[in-house]
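# Secondary and tertiary structure notes
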Amino acid sequence: MKLTKADRILIVILMLISLSSLFFLLGHTTQANRADVYVKEEKVLSIDLNQDGQYSVEGTNGKVNIEVKDHAVRVTQENSPHHLCSKQGFVSDSNVPIVCLPNETVIQIEGDTKEDTVIQ
Amino acid sequence: MKTEKIVELSFLCAIGIVLQILESFLPTSWIIPGFKIGFANITALFVLKMYGIQSMWLVSAMRVFLASLLQGTLFSVSFWLSASGAFLALCAMSIGYKTGWFSILGISVLGAAFHSIGQVLMVTWIYQQFFMQLFLPVLLALSIVSGLCIGALSQLMMNRWKGRKSI
């Protein structure tokens, strides 16, 4: 049982493909690309995080201004007693929502990496 | 086809079915989705070396069909994944065998690699999702290891067969 020359070449090529595609794929897919804004449990706005921009939604106490910059989202201005959500600053993690309780507004980042299928 | 050959091929096909069903009990696909060691490929390699390309296609196609029939997954998603993986793997193995460059280890690695490629392509096509491609590098790297193991196992099996009546 011996490896021929072609076997070795094949194995090296496969390793190279696997390594290079690993680097190629890791550079692309880990970023979340959408943020959903909910007011009173209702989805009112879906924001594309790939584009910087300013948005505003109508909360319970008036306008809530939202800013998107470098794949992160923050609340810039809103009416509330403590301004907790604007103090929170930029958020880019789908596990951390921005909650603005006085305005009943929630900003939730949605990643596409959620596993929803099982392959056997 | 002689009766003797028919009987021997169907025995090998049965071995392949048993190996494939036994393998589905192993929880390897919980660790990395889509990963299989590919024990059923032992029969394909054995038939390829002993009977040639045509018989390998016959035995492997029958094996994929009958094993999924017995598991109750016929024409479900996992059947199509398995079938597309097997199809690409068989194509690659036939071509690799025809060129004569590869030893049985190389043919086995070719089959394993193209099996994962076929599966990933099919998953991408069925679900229209690209998360599976993240696993492709890992699957390819693992397929080198599993392909070498399966190739070595088949070679051992053939060494033992040599003393027997030729088939």
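Residues numbered from 1 in each chain as written. Chains lettered and ligands numbered in written order. Predicted model: local features only at pLDDT ≥ 70, side-chain atom pairs only at ≥ 80, totals over all residues. Heavy atoms only, no water.

The name given to chain B in an unreviewed UniProt entry is Gx transporter family protein, and the organism recorded there is Faecalicoccus pleomorphus.

This part is about the overall build of chain A. For chain A, the count of helices and strands is two helices and seven strands. Beginning at the N terminus, the succession of helices and strands in chain A can be written as α-β-β-β-β-β-α-β-β. Long-range pairs, those at least 24 residues apart, make up 31% of the contacts in chain A between residues at least 6 apart in sequence. Counting every atom, chain A has about 7,800 Å² of accessible surface; 54% of that belongs to carbon and sulfur. (Helix = DSSP H or I, 4+ residues; strand = E, 2+ residues; numbered from the N terminus. Contact = heavy atoms within 4.5 Å. Areas by Shrake-Rupley, 256 points an atom, 1.4 Å probe, with all protein chains shown as cover.)

With that out of the way, let us pick up the overall build of chain B. Summing up its helical and strand segments, chain B has seven helices and zero strands in all. Starting at the N terminus, the α and β elements of chain B follow one another as α-α-α-α-α-α-α. Among the 167 residues that make up chain B, the fraction classed as buried is 48%. Contacts in chain B between residues far apart in sequence, at least 24 positions, make up 71% of those at least 6 positions apart. When the accessible surface of chain B is split by element, carbon and sulfur atoms take 73% of a total near 8,300 Å². (Buried < 20%, exposed > 50% of the residue type's maximum accessible area, 1.4 Å probe, protein only.)

This brings us to the sheet that holds strand S5 (residues 72-77) of chain A. All names here are of chain A. Taken together, three strands build an open sheet; the order of strands is S3-S4-S5 and the sheet is antiparallel. Because the sheet does not close on itself, it has two edges, and the strands there are strand S3 (53-59) and S5. When the angles between neighbouring strand axes are averaged without regard to direction, this sheet yields 30°. Here strand S4 (residues 62-69) runs beside S5; their pairing, made up of five bridges, is antiparallel. Across the sheet, the residue bridging to Val68 is Val73, located in S5. (Pairing = 2+ DSSP bridges. Axes fitted to C-alpha atoms, helices over the stretch in contact; angles between N-to-C directions.)

Residue and element names in this part refer to chain B. Within the secondary structure, Ser146 sits in helix H7 (residues 136-161). Since its relative accessible area comes to 6%, Ser146 is described here as buried. Sequence-distant contacts of Ser146, defined by excluding residues within four places in its chain, comprise Phe35, Lys36, Ile37 and Ala112.

Glancing now at the packing of helix H3 (residues 41-51) of chain B against helix H6 (residues 104-127) of chain B. Each packed pair of helices is defined by two parameters, the angle between the axes and the distance between the axes. All names here are of chain B. At a minimum axis separation of 11 Å, H3 and H6 run at an interaxial angle of 135°. Taken together, the axes of H3 and H6 lie oblique to each other. Of the two possible hands of crossing, H3 and H6 adopt the one that is right-handed. Of H6, the residues touching H3 (which contributes Asn41, Leu45, Leu48 and Lys49) are Ile104, Ile107 and Ser108. Split by residue class, the contact of H3 with H6 holds four nonpolar, two polar and one charged. (Parallel < 35°, antiparallel > 145°, perpendicular 65-115°, else oblique. Left-handed = near helix turned anticlockwise from the far one by under 90°. Nonpolar A, V, L, I, M, F, W, Y, C, P; charged D, E, K, R; others polar.)

Moving on to the side chain of Thr105(A). All names here are of chain A. By the secondary structure assignment, Thr105 is in strand S7 (residues 105-110). Looking at Thr105, its side chain comes within polar contact range of the main-chain oxygen of Asn103, at 3.0 Å. If we ignore the near neighbours within four places in the chain, the residues touching Thr105 are Val37, Tyr38, Val39, Val57, Gly59, Val64, Ile98, Val99 and Cys100. (Polar contact = N/O pair within 3.5 Å; in protein donor to acceptor, adjacent residues only side chain to side chain.)

With that out of the way, let us pick up the environment of Asn61(A). All names here are of chain A. Note that Asn61 resides in the loop between S3 and S4. In this structure Asn61 comes out as partly exposed when scored by relative accessible area, which is 37%. Taking C-alpha positions, Asn61 is 5.8 Å from Asn79, a pair spaced 18 residues apart along the chain. For Asn61, the contacting residues outside a window of four places in its chain are Asn79, Pro102 and Asn103.

Once that is clear, we can look at the state of the cysteines. Residues and elements named next belong to chain A. As enumerated under the stated definition, the model contains one disulfide over all chains in all. Two residues share a disulfide in this structure: Cys85 and Cys100, whose sulfurs sit 2.4 Å from each other. With Cys85 in helix H2 (residues 84-88) and Cys100 in strand S6 (residues 98-100), the pair connects residues that are 15 residues apart, well separated along the chain. Here Cys85 and Cys100 have matching classes, each one buried. (Disulfide = S-S within 2.5 Å.)

Quick look at unusual backbone geometry now. Even without a glycine there, the phi angle at His83(A) is positive, about 55°. Note on placement: His83(A) falls in the loop between S5 and H2. Given the relative accessible area of 34%, His83(A) is considered partly exposed. Even without glycine at this site, Phe75(B) takes up a positive phi of about 60°.

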